[in-house]
Amino acid sequence: MYAIHPIASHTPHATHAKRFNKRFKIYATPYKAVDPYRETSLRYMGYANELGEAFTTYLPEWGLPASYCVAASYVMFDTIDKGQKAYDAADEGEKFQDTLRISAETLTWQMLASVFWPGSIIRVIVNASATMISNRDLDDQLHFLPTLIGLMAIPVIVKPIDTTVDKLMENSVSKVINGEIKTPEDASAAFMTTIGSFSVPPIMFFIAAAIKKLKT
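Residues numbered from 1 in each chain as written. Predicted model: local features only at pLDDT ≥ 70, side-chain atom pairs only at ≥ 80, totals over all residues. Heavy atoms only, no water.

J.: I'd love a proper account of the overall build of the chain, names of residues and values included.
T.: For the chain, the helix and strand inventory stands at 7 helices and 0 strands. Traced from its N-terminal end to its C-terminal end, the chain shows the element sequence α-α-α-α-α-α-α. Long-range pairs, those at least 24 residues apart, make up 72% of the contacts in the chain between residues at least 6 apart in sequence. Accessible area of the chain: about 11200 Å², with a carbon and sulfur share of 68%. (Helix = DSSP H or I, 4+ residues; strand = E, 2+ residues; numbered from the N terminus. Contact = heavy atoms within 4.5 Å. Areas by Shrake-Rupley, 256 points an atom, 1.4 Å probe, with all protein chains shown as cover.)

Here is the structure:
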């Protein structure tokens, strides 16, 4: 679920200029080496849970949880990597703050945009497709169709999810992390946006469960 973006030109300490990192956008530091988590095949670990949701019918009971563990591991590795780069790039006396800030933003963004939002949306799509087929007594002939539809949906939902999470982060979690809350109104807006951001996955999982119960 990722798109490769060019590296922005930042000075080593310009961590405030553009904070929000797409999954394949390298955190801006003096480093010019390849980012192993966003420019190599390791990035496909982030697709594991979406693939798990799409193939859930064919997986053993532990398969779907395992796919989420793989995706979460990718997120943690990327968070550690970006935190280390932030530490190395920061001025003395600000290393801890910059590392904590970048790590927190990376972890939050990745968990929302790479794991829970796409995973929950793919589950809704797969369950809706499976229910439709089941209710038309086409399970035997088209049992593969929900998986196929789920796989086809993955690249379609990438950009909308990434863009939406970017905007939500800008107005909520990132403002808090970077100390940009200046007024009670800012705090209230950030709080409500944060709640909304984290509410989407459980709502989508609930909808997916409800759809599944409609199968005849």
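J.: Which residues make up the environment of Ala72, and what values do they have?
T.: Among the secondary structure elements, Ala72 is positioned in helix 2 (residues 63-89). In this structure Ala72 comes out as partly exposed when scored by relative accessible area, which is 24%. Sequence separation between Ala72 and Met45 is 27 residues; the distance between their C-alpha atoms is 8.7 Å. (Buried < 20%, exposed > 50% of the residue type's maximum accessible area, 1.4 Å probe, protein only.)

J.: Which residues make up the packing of aromatic side chains, and what values go with them?
T.: Counted according to the given criterion, the structure contains 2 aromatic pairs. Against the face of Tyr87 rests Lys95, its NZ or CZ located 4.8 Å from the ring centre. (Phe/Tyr/Trp six-rings, centres within 6.5 Å; stacked < 30°, edge-to-face > 60°. Lys NZ or Arg CZ within 6 Å of the ring centre and 35° of its normal.)

J.: Residue-level account of the environment of Pro201, with values.
T.: Here Pro201 shows up in helix 7 (residues 184-212). Sequence-distant contacts of Pro201, that is, excluding residues within four places in its chain, are made with Phe116, Trp117 and Ser120.

J.: Lay out the packing of helix 2 against helix 3 (residues 95-135) with the relevant residues and their values.
T.: The N-to-C vectors of helix 2 and helix 3 enclose an angle of 155°; their axes lie 8 Å apart at closest approach. By the angle between their directions, the pair helix 2 and helix 3 is classed as roughly antiparallel. Two packed elements cross with a definite hand, and for helix 2 against helix 3 that hand is right-handed. Looking at the contact of helix 2 with helix 3, its residues break down into 12 nonpolar, 9 polar and 6 charged. (Axes fitted to C-alpha atoms, helices over the stretch in contact; angles between N-to-C directions. Parallel < 35°, antiparallel > 145°, perpendicular 65-115°, else oblique. Left-handed = near helix turned anticlockwise from the far one by under 90°. Nonpolar A, V, L, I, M, F, W, Y, C, P; charged D, E, K, R; others polar.)

J.: Describe the nonpolar core, and please don't skip the residues or the numbers.
T.: Counting 19 residues, the largest nonpolar core has Ile122, Ile161 and Val165 as its most contacted members. Of all the secondary-structure elements, those providing two or more residues to this core are helix 3, helix 5 (145-170) and helix 7. A per-element tally of this core places helix 3 first, with 8 residues. Residues Tyr37, Tyr74, Val75 and Val115 belong to the second largest nonpolar core, which totals 7 residues. (Core = buried A, V, L, I, M, F, W, Y, C linked by side-chain atoms within 4.5 Å.)

J.: Outline the environment of Asp139, supporting the account with residue identities and numerical values.
T.: Along the chain, the position of Asp139 falls in helix 4 (residues 139-142). When neighbours within four sequence positions are excluded, Asp139 is seen to be in contact with Ile133 and Ser134.

J.: Go over the packing of helix 3 against helix 7, please, and point to the residues and values.
T.: Contact geometry for helix 3 and helix 7: axes closest at 8 Å, N-to-C directions at 15°. On the basis of the axis angle, helix 3 is roughly parallel to helix 7. Where helix 3 crosses over helix 7, the handedness of that crossing is left-handed. In this structure, helix 3 contributes Thr108, Leu112, Phe116, Trp117, Gly119, Ser120, Ile121, Arg123, Val124, Asn127, Ala128 and Thr131 to the contact, and helix 7 contributes Ser197, Phe198, Val200, Pro201, Met204, Phe205, Ile207, Ala208, Ala209, Ile211 and Lys212. For the contact of helix 3 with helix 7, a count of residues per class yields 15 nonpolar, 6 polar and 2 charged.

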